[in-house]
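Breakdown of the fold
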Amino acid sequence: MTKLLSIIIPTYNMAALLPRCLQSLVDAKDAAQLDIIVVNDGSKDNSLDVAREWESKYPDCIRVIDKSNGNYGSTINAALPTAKGKYVKVLDSDDWFDTKALNAFLTVLSQTESDIVVTHFSQIGATQTEVVRYNTMGREPYEYGKVYDLDNVLKDHYIRFFLMHALTYRTQLLLQMNYRQTEGISYTDTEWACYPTFYANTIVFYDINLYQYNLDREGQTMDPNVLFRCVNQLQKVTDTMLEFYIQHIDKVSPTRQEWLHQYYENRLRILYKIYLLDMPRKHFDSTALQAMDDKYWSMCQTHNFHPRLFPENKLLRIDYIAYWHKHKKRWPLWFERFNYGVDVVMKWLYLNLFRK
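Residues numbered from 1 in each chain as written. Predicted model: local features only at pLDDT ≥ 70, side-chain atom pairs only at ≥ 80, totals over all residues. Heavy atoms only, no water.

As a further point, take the packing of aromatic side chains. This structure, assessed with the given rule, holds 20 aromatic pairs. Arranged with centres 3.9 Å apart and planes meeting at 15°, the rings of Tyr-195 and Phe-244 form a pair that is stacked. Pair noted here: Tyr-195 is in the loop between helix H7 (189–194) and strand E10 (202–214) and Phe-244 is in helix H9 (residues 231–248), with a separation of 49 residues, a long-range link. Each of the two residues, Tyr-195 as well as Phe-244, counts as buried. Measuring from centroid to centroid gives 5.3 Å for Trp-334 and Phe-335, while their planes differ by 85°, and the two rings are edge-to-face. An aromatic cluster of three or more residues is present, and its members are Phe-162, Tyr-245, Trp-259, Tyr-263, Tyr-264 and Phe-305. The cationic tip of Lys-57 hangs over the ring face of Trp-54; the distance from NZ or CZ to the ring centre is 4.8 Å. (Phe/Tyr/Trp six-rings, centres within 6.5 Å; stacked < 30°, edge-to-face > 60°. Helix = DSSP H or I, 4+ residues; strand = E, 2+ residues; numbered from the N terminus. Buried < 20%, exposed > 50% of the residue type's maximum accessible area, 1.4 Å probe, protein only. Lys NZ or Arg CZ within 6 Å of the ring centre and 35° of its normal.)

Counted under the stated rule, the structure contains 14 salt bridges. In this structure, Asp-41 and Lys-67 form a salt bridge, with 2.6 Å as the shortest nitrogen-oxygen distance. Here Asp-41 is found in strand E2 (residues 34–41), whereas its partner Lys-67 is found in strand E3 (residues 62–67), with 26 residues between them in sequence. Between Arg-330 and Glu-336 there is a salt bridge whose closest N-O contact spans 3.1 Å. Arg-330 gets classed as buried once you look at its relative accessible area, which sits at 7%. Within the structure, one salt-bridge network assembled from shared partners comprises Arg-133, Glu-140 and Asp-207. (Salt bridge = Lys/Arg side-chain N within 4 Å of Asp/Glu carboxyl O.)

Turning our attention to the packing of helix H10 (residues 254–278) against helix H11 (residues 286–303). H11 packs onto H10 with a crossing angle of 165° between their chain directions and a minimal axis gap of 11 Å. One element, H10, and the other, H11, form an angle in the roughly antiparallel class. Where H10 crosses over H11, the handedness of that crossing is left-handed. Contact with H10, carried on its side by His-261, Leu-268, Leu-271, Tyr-272, Tyr-275 and Leu-276, involves Ala-288, Leu-289, Met-292, Asp-293, Tyr-296, Trp-297, Met-299, Cys-300 and His-303 of H11 and no other residues of that element. Split by residue class, the contact of H10 with H11 holds 12 nonpolar, two polar and one charged. (Axes fitted to C-alpha atoms, helices over the stretch in contact; angles between N-to-C directions. Parallel < 35°, antiparallel > 145°, perpendicular 65-115°, else oblique. Left-handed = near helix turned anticlockwise from the far one by under 90°. Contact = heavy atoms within 4.5 Å. Nonpolar A, V, L, I, M, F, W, Y, C, P; charged D, E, K, R; others polar.)

Our focus in this paragraph is the nonpolar core. One broad rule of soluble globular proteins: the nonpolar side chains tend to lie buried together. In terms of nonpolar packing, the biggest core is built from 114 residues, with Ile-9, Ile-36 and Tyr-264 touching the most fellow members. Looking at which element gives the most residues to this core, the answer is H10, with 11 residues. With near-sequence residues (within four places) excluded, Ile-36 lies in contact with Ile-7, Ile-9, Leu-22, Leu-25, Val-26, Cys-61, Ile-62 and Arg-63. (Core = buried A, V, L, I, M, F, W, Y, C linked by side-chain atoms within 4.5 Å.)

Let us look at the packing of H10 against helix H12 (residues 320–327). Where H10 meets H12, the closest approach of the two axes is 10 Å, and the angle between their N-to-C directions is 70°. Viewed along their axes, H10 and H12 adopt a mutual orientation that is roughly perpendicular. Between H10 and H12, the residues in contact are Tyr-272, Leu-276 and Leu-277 and Tyr-320, Ile-321 and Trp-324, respectively.

Moving on, we come to unusual backbone geometry. At Tyr-187, a residue that is not glycine, the phi angle is positive and equals roughly 70°. When you line up the elements, Tyr-187 lands in the loop between helix H6 (171–176) and H7. The phi torsion at Asn-304 lies on the positive side, around 60°, for a residue other than glycine. Relative to the assigned elements, Asn-304 resides in the loop between H11 and H12. Asn-304 sits in the partly exposed class, given a relative accessible area of 46%.

This part covers the pairing of strand E4 (residues 85–90). Along E4, six of the six residues are buried, which leaves the element largely enclosed by surrounding structure. Note that strand E1 (residues 3–11) and E4 share five bridges and pair parallel. Bridge assignment links Ser-6 to a residue of E4, and that residue is Val-88. Note: E4 against strand E9 (residues 167–170), two bridges, orientation antiparallel. Bridged to Tyr-87 within E9 is Arg-170. (Pairing = 2+ DSSP bridges.)

Attention shifts here to the pairing of strand E6 (residues 116–124). Both faces of the sheet carry side chains from a regular strand, because those side chains alternate between them. Counting buried residues in E6 gives eight out of nine residues, a clear majority hidden from the surface. Examined bridge by bridge, E6 and E9 share three bridges and lie antiparallel to one another. Following the sheet pairing, Val-118 is matched in E9 by Leu-167. The pairing of E6 with E10 spans eight bridges and is classified as parallel. Considered in E10, the bridge of Val-117 is made with Val-204. Relative to strand E7 (residues 129–132), E6 runs antiparallel, the two being bridged by four bridges. Bridged to Ile-124 within E7 is Thr-129. Hairpin connection of E6 to E7: four residues between the antiparallel strands.

Taken together, Val-345, Trp-348, Leu-349 and Leu-353 make up a surface patch of nonpolar side chains, about 430 Å² in accessible area. Here Trp-348 is to be found in helix H13 (residues 333–354). (Patch = residues over 30% accessible without salt bridge, like charges linked within 9 Å, V, L, I, M, F, W, Y side chains within 5 Å. Areas by Shrake-Rupley, 256 points an atom, 1.4 Å probe, with all protein chains shown as cover.)

Scope: geometric values only; no functional claims are made or implied.
What follows is the structure, given as C-alpha coordinates:
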(Lines give C-alpha, C1' and ligand atoms only; values in the text may rest on other atoms or scores of the structure.)
Protein backbone atom coordinates (compact mmCIF):
# COMPACT_ATOMS: atom_id res chain seq x y z
CA MET A 1 0.00 0.00 0.00
CA THR A 2 1.42 3.40 -0.97
CA LYS A 3 -1.56 5.65 -0.24
CA LEU A 4 -3.76 6.37 2.76
CA LEU A 5 -7.21 6.25 1.15
CA SER A 6 -8.45 4.66 -2.07
CA ILE A 7 -11.69 6.17 -3.37
CA ILE A 8 -13.58 4.07 -5.91
CA ILE A 9 -15.82 6.20 -8.15
CA PRO A 10 -18.25 4.17 -10.30
CA THR A 11 -19.15 6.23 -13.36
CA TYR A 12 -21.90 5.74 -15.91
CA ASN A 13 -23.01 8.70 -18.07
CA MET A 14 -21.93 11.23 -15.46
CA ALA A 15 -19.80 13.55 -17.59
CA ALA A 16 -21.63 16.62 -16.30
CA LEU A 17 -21.30 15.78 -12.61
CA LEU A 18 -17.97 13.95 -12.43
CA PRO A 19 -15.87 17.18 -12.33
CA ARG A 20 -17.65 18.37 -9.15
CA CYS A 21 -16.98 15.00 -7.55
CA LEU A 22 -13.29 14.98 -8.47
CA GLN A 23 -12.72 18.63 -7.58
CA SER A 24 -13.90 17.95 -4.03
CA LEU A 25 -11.09 15.40 -3.73
CA VAL A 26 -8.12 17.02 -5.44
CA ASP A 27 -8.68 20.23 -3.44
CA ALA A 28 -7.75 18.37 -0.25
CA LYS A 29 -4.54 19.52 1.41
CA ASP A 30 -3.20 15.98 1.40
CA ALA A 31 -4.52 14.96 -2.01
CA ALA A 32 -1.24 13.16 -2.59
CA GLN A 33 -2.44 10.64 0.01
CA LEU A 34 -5.43 9.76 -2.18
CA ASP A 35 -5.72 6.92 -4.66
CA ILE A 36 -8.73 8.01 -6.76
CA ILE A 37 -9.98 5.24 -9.04
CA VAL A 38 -12.57 6.35 -11.60
CA VAL A 39 -14.22 3.29 -13.12
CA ASN A 40 -15.99 4.07 -16.38
CA ASP A 41 -18.72 1.45 -16.72
CA GLY A 42 -19.26 1.60 -20.49
CA SER A 43 -20.67 5.14 -20.48
CA LYS A 44 -22.44 6.30 -23.64
CA ASP A 45 -21.62 9.96 -23.05
CA ASN A 46 -18.10 11.44 -22.80
CA SER A 47 -17.54 10.41 -19.17
CA LEU A 48 -14.39 8.54 -20.19
CA ASP A 49 -12.95 11.64 -21.89
CA VAL A 50 -13.68 13.72 -18.78
CA ALA A 51 -12.06 11.11 -16.54
CA ARG A 52 -8.99 10.87 -18.78
CA GLU A 53 -8.64 14.66 -18.75
CA TRP A 54 -8.60 14.71 -14.95
CA GLU A 55 -6.21 11.77 -14.91
CA SER A 56 -3.78 13.70 -17.09
CA LYS A 57 -4.02 16.77 -14.83
CA TYR A 58 -3.59 14.80 -11.60
CA PRO A 59 -1.60 11.69 -12.53
CA ASP A 60 -0.27 11.23 -8.99
CA CYS A 61 -3.69 10.65 -7.46
CA ILE A 62 -6.25 9.91 -10.22
CA ARG A 63 -6.31 6.84 -12.44
CA VAL A 64 -9.01 5.51 -14.75
CA ILE A 65 -10.28 2.00 -15.36
CA ASP A 66 -12.36 1.68 -18.54
CA LYS A 67 -14.57 -1.38 -18.87
CA SER A 68 -17.69 -2.61 -20.59
CA ASN A 69 -20.99 -2.06 -18.82
CA GLY A 70 -21.61 -4.45 -15.94
CA ASN A 71 -23.49 -2.21 -13.50
CA TYR A 72 -22.49 -1.00 -10.06
CA GLY A 73 -20.99 -4.09 -8.48
CA SER A 74 -18.72 -4.76 -11.44
CA THR A 75 -17.01 -1.38 -10.95
CA ILE A 76 -16.18 -2.24 -7.33
CA ASN A 77 -14.90 -5.66 -8.38
CA ALA A 78 -12.69 -4.09 -11.05
CA ALA A 79 -11.20 -1.44 -8.77
CA LEU A 80 -10.78 -3.14 -5.40
CA PRO A 81 -7.93 -5.52 -6.36
CA THR A 82 -5.95 -2.51 -7.62
CA ALA A 83 -6.48 -0.33 -4.54
CA LYS A 84 -3.28 1.22 -3.18
CA GLY A 85 -4.77 2.79 -0.07
CA LYS A 86 -4.61 1.60 3.51
CA TYR A 87 -8.37 2.27 3.55
CA VAL A 88 -10.99 2.19 0.80
CA LYS A 89 -14.27 4.04 0.35
CA VAL A 90 -16.85 4.23 -2.46
CA LEU A 91 -18.03 7.60 -3.79
CA ASP A 92 -20.72 7.78 -6.45
CA SER A 93 -19.86 10.17 -9.26
CA ASP A 94 -22.99 12.31 -8.78
CA ASP A 95 -22.02 12.85 -5.12
CA TRP A 96 -19.00 14.49 -3.53
CA PHE A 97 -16.99 14.82 -0.33
CA ASP A 98 -16.86 17.92 1.82
CA THR A 99 -13.23 18.93 1.22
CA LYS A 100 -12.60 20.32 4.71
CA ALA A 101 -14.06 17.16 6.18
CA LEU A 102 -11.80 15.12 3.89
CA ASN A 103 -8.77 16.94 5.29
CA ALA A 104 -9.84 15.99 8.81
CA PHE A 105 -10.67 12.46 7.71
CA LEU A 106 -7.22 11.84 6.25
CA THR A 107 -5.68 13.00 9.52
CA VAL A 108 -7.66 10.51 11.61
CA LEU A 109 -7.13 7.67 9.12
CA SER A 110 -3.39 8.06 9.54
CA GLN A 111 -3.86 7.41 13.26
CA THR A 112 -6.13 4.35 13.25
CA GLU A 113 -5.91 0.67 12.35
CA SER A 114 -9.62 -0.09 12.83
CA ASP A 115 -11.30 -2.43 10.33
CA ILE A 116 -14.37 -0.19 9.94
CA VAL A 117 -14.49 3.61 10.10
CA VAL A 118 -17.87 5.34 10.40
CA THR A 119 -18.52 9.02 9.61
CA HIS A 120 -21.60 11.20 9.21
CA PHE A 121 -23.05 12.15 5.83
CA SER A 122 -25.51 14.67 4.36
CA GLN A 123 -28.60 13.75 2.35
CA ILE A 124 -29.16 16.65 -0.04
CA GLY A 125 -32.66 16.97 -1.48
CA ALA A 126 -34.35 19.61 -3.58
CA THR A 127 -35.61 21.62 -0.60
CA GLN A 128 -33.62 20.52 2.43
CA THR A 129 -30.44 18.87 3.60
CA GLU A 130 -30.43 16.33 6.41
CA VAL A 131 -27.22 15.45 8.22
CA VAL A 132 -27.29 11.77 9.18
CA ARG A 133 -25.49 11.57 12.50
CA TYR A 134 -24.97 8.50 14.62
CA ASN A 135 -27.27 9.29 17.51
CA THR A 136 -30.43 7.76 18.90
CA MET A 137 -33.07 10.30 19.98
CA GLY A 138 -30.31 12.86 20.46
CA ARG A 139 -27.95 10.54 22.35
CA GLU A 140 -24.60 9.73 20.79
CA PRO A 141 -23.84 6.25 22.14
CA TYR A 142 -20.17 5.96 21.24
CA GLU A 143 -17.11 8.02 21.98
CA TYR A 144 -15.61 9.51 18.83
CA GLY A 145 -12.12 8.31 18.04
CA LYS A 146 -12.30 5.31 20.36
CA VAL A 147 -11.77 1.93 18.74
CA TYR A 148 -14.45 -0.59 19.78
CA ASP A 149 -14.69 -4.32 19.45
CA LEU A 150 -17.32 -4.74 16.73
CA ASP A 151 -19.37 -7.23 18.78
CA ASN A 152 -19.69 -4.65 21.55
CA VAL A 153 -21.27 -2.25 19.05
CA LEU A 154 -23.46 -4.79 17.26
CA LYS A 155 -25.05 -5.87 20.54
CA ASP A 156 -26.76 -2.46 20.64
CA HIS A 157 -28.64 -3.26 17.39
CA TYR A 158 -28.12 0.10 15.68
CA ILE A 159 -28.63 -1.04 12.09
CA ARG A 160 -28.70 2.51 10.74
CA PHE A 161 -24.97 2.92 11.34
CA PHE A 162 -24.29 0.54 8.46
CA LEU A 163 -24.94 2.53 5.28
CA MET A 164 -22.61 2.78 2.30
CA HIS A 165 -22.18 6.56 2.58
CA ALA A 166 -20.94 6.25 6.16
CA LEU A 167 -18.53 3.35 5.81
CA THR A 168 -14.83 3.12 5.09
CA TYR A 169 -12.98 -0.20 5.32
CA ARG A 170 -9.41 -1.28 5.87
CA THR A 171 -8.46 -2.46 2.40
CA GLN A 172 -6.72 -5.63 3.53
CA LEU A 173 -9.89 -6.74 5.33
CA LEU A 174 -11.81 -6.76 2.04
CA LEU A 175 -9.00 -8.38 0.10
CA GLN A 176 -8.53 -11.12 2.69
CA MET A 177 -12.24 -11.97 2.68
CA ASN A 178 -12.19 -12.02 -1.16
CA TYR A 179 -14.93 -9.42 -1.22
CA ARG A 180 -17.01 -9.32 -4.39
CA GLN A 181 -20.24 -7.56 -5.21
CA THR A 182 -23.08 -8.86 -7.36
CA GLU A 183 -22.80 -7.68 -10.98
CA GLY A 184 -25.42 -6.77 -13.56
CA ILE A 185 -27.92 -5.07 -11.22
CA SER A 186 -28.20 -1.94 -9.10
CA TYR A 187 -28.65 -1.56 -5.32
CA THR A 188 -25.67 -3.73 -4.45
CA ASP A 189 -24.28 -1.03 -2.14
CA THR A 190 -26.24 -2.96 0.51
CA GLU A 191 -23.71 -5.77 0.12
CA TRP A 192 -20.90 -3.26 0.70
CA ALA A 193 -22.58 -2.28 3.97
CA CYS A 194 -23.21 -5.83 5.16
CA TYR A 195 -20.72 -8.50 4.09
CA PRO A 196 -17.66 -7.04 5.86
CA THR A 197 -19.51 -7.21 9.20
CA PHE A 198 -19.14 -11.00 9.00
CA TYR A 199 -15.34 -10.59 9.14
CA ALA A 200 -14.38 -7.28 10.79
CA ASN A 201 -13.14 -7.12 14.38
CA THR A 202 -12.96 -3.42 15.22
CA ILE A 203 -14.90 -0.22 14.50
CA VAL A 204 -14.35 3.48 15.18
CA PHE A 205 -16.64 6.52 14.84
CA TYR A 206 -15.56 10.05 13.93
CA ASP A 207 -17.50 13.30 14.22
CA ILE A 208 -16.85 14.18 10.56
CA ASN A 209 -19.53 14.92 7.96
CA LEU A 210 -17.69 13.60 4.92
CA TYR A 211 -20.03 12.20 2.27
CA GLN A 212 -22.47 14.54 0.47
CA TYR A 213 -25.24 12.35 -0.90
CA ASN A 214 -27.12 13.96 -3.79
CA LEU A 215 -30.79 12.95 -3.83
CA ASP A 216 -31.81 15.74 -6.20
CA ARG A 217 -31.01 14.09 -9.53
CA GLU A 218 -33.63 12.78 -11.93
CA GLY A 219 -33.09 9.09 -12.60
CA GLN A 220 -31.17 8.53 -9.36
CA THR A 221 -31.61 4.91 -8.24
CA MET A 222 -33.40 5.91 -5.05
CA ASP A 223 -35.85 8.08 -6.99
CA PRO A 224 -39.23 6.46 -6.17
CA ASN A 225 -40.17 6.27 -9.87
CA VAL A 226 -36.97 4.30 -10.56
CA LEU A 227 -37.23 2.21 -7.41
CA PHE A 228 -40.73 0.94 -8.21
CA ARG A 229 -39.61 -0.17 -11.67
CA CYS A 230 -36.55 -1.93 -10.28
CA VAL A 231 -38.00 -3.74 -7.28
CA ASN A 232 -37.05 -7.03 -8.97
CA GLN A 233 -33.39 -5.95 -8.73
CA LEU A 234 -33.82 -5.31 -5.02
CA GLN A 235 -35.20 -8.81 -4.69
CA LYS A 236 -32.19 -10.25 -6.55
CA VAL A 237 -29.82 -8.45 -4.19
CA THR A 238 -31.81 -9.78 -1.23
CA ASP A 239 -31.61 -13.32 -2.66
CA THR A 240 -27.84 -13.08 -3.00
CA MET A 241 -27.48 -11.66 0.49
CA LEU A 242 -29.61 -14.43 1.95
CA GLU A 243 -27.39 -17.03 0.27
CA PHE A 244 -24.36 -15.33 1.84
CA TYR A 245 -26.10 -15.30 5.22
CA ILE A 246 -26.92 -19.02 5.10
CA GLN A 247 -23.33 -19.89 4.12
CA HIS A 248 -21.60 -17.75 6.74
CA ILE A 249 -23.88 -17.21 9.74
CA ASP A 250 -22.60 -20.24 11.67
CA LYS A 251 -19.05 -18.89 11.48
CA VAL A 252 -19.69 -15.74 13.57
CA SER A 253 -20.24 -15.09 17.27
CA PRO A 254 -23.71 -15.34 18.87
CA THR A 255 -23.78 -11.56 19.27
CA ARG A 256 -23.08 -11.09 15.60
CA GLN A 257 -25.59 -13.78 14.65
CA GLU A 258 -28.28 -11.86 16.53
CA TRP A 259 -27.38 -8.55 14.87
CA LEU A 260 -27.20 -10.07 11.39
CA HIS A 261 -30.53 -11.80 11.96
CA GLN A 262 -32.05 -8.40 12.70
CA TYR A 263 -30.28 -6.82 9.74
CA TYR A 264 -31.69 -9.39 7.31
CA GLU A 265 -35.16 -9.08 8.78
CA ASN A 266 -34.87 -5.39 8.01
CA ARG A 267 -33.91 -6.08 4.38
CA LEU A 268 -37.09 -8.15 3.99
CA ARG A 269 -39.10 -5.43 5.70
CA ILE A 270 -37.88 -2.90 3.13
CA LEU A 271 -39.13 -5.07 0.26
CA TYR A 272 -42.58 -5.36 1.82
CA LYS A 273 -42.56 -1.62 2.55
CA ILE A 274 -42.10 -0.80 -1.13
CA TYR A 275 -45.19 -2.80 -2.07
CA LEU A 276 -47.42 -2.10 0.92
CA LEU A 277 -46.60 1.49 1.77
CA ASP A 278 -44.43 3.36 -0.73
CA MET A 279 -45.73 2.18 -4.09
CA PRO A 280 -48.52 4.32 -5.62
CA ARG A 281 -51.72 2.33 -5.90
CA LYS A 282 -51.75 2.70 -9.67
CA HIS A 283 -48.47 0.73 -9.77
CA PHE A 284 -49.38 -1.78 -7.07
CA ASP A 285 -49.39 -5.37 -8.34
CA SER A 286 -50.90 -7.77 -5.81
CA THR A 287 -49.84 -10.76 -7.94
CA ALA A 288 -46.20 -9.68 -7.85
CA LEU A 289 -46.39 -9.12 -4.09
CA GLN A 290 -47.97 -12.53 -3.57
CA ALA A 291 -45.22 -14.18 -5.64
CA MET A 292 -42.58 -12.42 -3.52
CA ASP A 293 -44.40 -13.36 -0.34
CA ASP A 294 -44.63 -17.00 -1.38
CA LYS A 295 -40.89 -17.08 -2.07
CA TYR A 296 -39.76 -15.47 1.16
CA TRP A 297 -42.30 -16.54 3.74
CA SER A 298 -41.33 -20.21 3.87
CA MET A 299 -37.69 -19.15 4.10
CA CYS A 300 -38.66 -16.86 6.97
CA GLN A 301 -40.11 -19.80 8.86
CA THR A 302 -37.02 -21.91 8.21
CA HIS A 303 -34.59 -19.25 9.47
CA ASN A 304 -36.85 -17.75 12.12
CA PHE A 305 -37.16 -14.35 10.44
CA HIS A 306 -40.18 -12.32 11.54
CA PRO A 307 -40.21 -9.10 9.48
CA ARG A 308 -42.77 -6.60 10.71
CA LEU A 309 -43.76 -3.34 9.09
CA PHE A 310 -45.19 -0.64 11.33
CA PRO A 311 -45.75 3.03 10.42
CA GLU A 312 -42.60 5.13 10.72
CA ASN A 313 -44.33 7.46 13.17
CA LYS A 314 -44.23 4.68 15.81
CA LEU A 315 -47.69 5.75 17.03
CA LEU A 316 -49.95 3.51 14.94
CA ARG A 317 -49.01 -0.06 15.82
CA ILE A 318 -50.64 -1.93 12.94
CA ASP A 319 -48.39 -4.35 11.08
CA TYR A 320 -48.73 -3.89 7.30
CA ILE A 321 -47.38 -7.39 6.61
CA ALA A 322 -49.77 -9.07 9.03
CA TYR A 323 -52.63 -7.08 7.48
CA TRP A 324 -51.60 -8.32 4.02
CA HIS A 325 -51.45 -11.93 5.18
CA LYS A 326 -54.91 -11.67 6.70
CA HIS A 327 -56.72 -9.63 4.02
CA LYS A 328 -54.54 -9.96 0.87
CA LYS A 329 -54.82 -6.22 0.29
CA ARG A 330 -53.30 -2.94 1.39
CA TRP A 331 -54.67 -0.72 4.09
CA PRO A 332 -57.71 1.41 3.13
CA LEU A 333 -56.71 4.55 1.22
CA TRP A 334 -58.13 6.91 3.84
CA PHE A 335 -55.99 5.26 6.51
CA GLU A 336 -52.85 5.44 4.38
CA ARG A 337 -53.41 9.17 3.91
CA PHE A 338 -53.99 9.69 7.62
CA ASN A 339 -50.88 7.69 8.46
CA TYR A 340 -48.83 9.69 5.95
CA GLY A 341 -49.87 12.92 7.64
CA VAL A 342 -48.83 11.59 11.05
CA ASP A 343 -45.49 10.45 9.56
CA VAL A 344 -44.79 13.95 8.22
CA VAL A 345 -45.50 15.60 11.57
CA MET A 346 -43.42 13.11 13.55
CA LYS A 347 -40.47 13.32 11.17
CA TRP A 348 -40.50 17.12 11.39
CA LEU A 349 -40.47 16.93 15.19
CA TYR A 350 -37.66 14.36 15.16
CA LEU A 351 -35.48 16.37 12.78
CA ASN A 352 -35.98 19.60 14.70
CA LEU A 353 -35.64 18.15 18.19
CA PHE A 354 -32.89 15.56 17.73
CA ARG A 355 -31.02 16.22 14.46
CA LYS A 356 -30.32 19.92 14.80
